[in-house]
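Structural overview for review
One letter stands for each residue in the lines below.
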Amino acid sequence: MRHANQFLGSYYTLEEASQMLRPHHVLVAEDDREMRVLVADALRRDGYQVTEAESGSQLAEILGTDLLGGHEGSPIDLIISDIRMPGFSGLAVLRHLRRADWAMPFILITAYGDDETHQEARRLGAAAVFDKPFDVDDLRTLVLNIVPPN
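Keep in mind that this is a model prediction, so the values were computed, not measured.

Turning to helix α2 (residues 33–45), a few remarks are in order. Over its 13 residues, α2 runs 18 Å from end to end, which matches the ideal 18 Å to within 8%, given 1.5 Å per residue. Every buried residue belonging to α2 is among M35, R36, V39, A40, A42 and L43, and all of these are buried. Buried positions in α2, seen along its axis, are confined to an arc of 160° and lie on one side of it. Facing away from the buried side of α2, by more than 90 degrees, are the exposed residues R33, E34 and R45. On its buried side, α2 packs onto β3 (25–29), β4 (49–53), β5 (78–82), β6 (106–110) and α6 (136–146). Between the side-chain oxygen of the N-cap and the backbone nitrogen of E34 there are 3.0 Å, and the N-cap of α2 in question is D32. Phi turns positive, to about 100°, at G47, one or two residues after α2.

Right under this line is the structure:
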């Protein structure tokens, strides 16, 4: 059932309206605790719901749960992942998501950003690759442009 918004002339279902009002959900996967906390805290201050993963295996587990609808909270809107982590690399997770036609925005961060890695990330449709060390404000700006906070 659609409900009228008299002022804007738009019609939204209750589900559509609640989706528009919920904070965007960002998954931050980074095995370096200090870097993960730095990025996650900055995004929380910007109004995002943030889930943290400390390994590639945990990232894959969270994504599997999210895909099956079993994740608590809202669905994930954006992934920020380190490339080299225990379990799966961020690049491997991105590769598998693209093979499954999952077009979720994905940002990679790495301390080992050679040209080949950047080319592979671009080929797979990564929004960006940030080489460590990077300015967290640059990352925040990109996130704001991909999924503005509600």
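Next, the rest of the story.
Next up on the list: the nonpolar core. Counting residues in hydrophobic clusters, the biggest one holds 21 residues, and the most contacted among them are L27, L59, L63, I79 and L108. Contributing elements (two or more residues each) for this core: β3, α3 (56–67), α4 (90–99) and β6. Tallying contributions element by element places α4 first for this core, with four residues. The residues touching L108, leaving out its near neighbours within four places in the chain, are S81, I83, G90, L91, L94, A121, A126, A128, V129 and F130.

Rules of the game
- Residues numbered from 1 in each chain as written.
- Predicted model: local features only at pLDDT ≥ 70, side-chain atom pairs only at ≥ 80, totals over all residues.
- Heavy atoms only, no water.
- Helix = DSSP H or I, 4+ residues; strand = E, 2+ residues; numbered from the N terminus.
- Expected span 1.5 Å × (residues − 1).
- Buried < 20%, exposed > 50% of the residue type's maximum accessible area, 1.4 Å probe, protein only.
- Arc of directions from axis to C-beta.
- Contact = heavy atoms within 4.5 Å.
- Polar contact = N/O pair within 3.5 Å; in protein donor to acceptor, adjacent residues only side chain to side chain.
- Core = buried A, V, L, I, M, F, W, Y, C linked by side-chain atoms within 4.5 Å.

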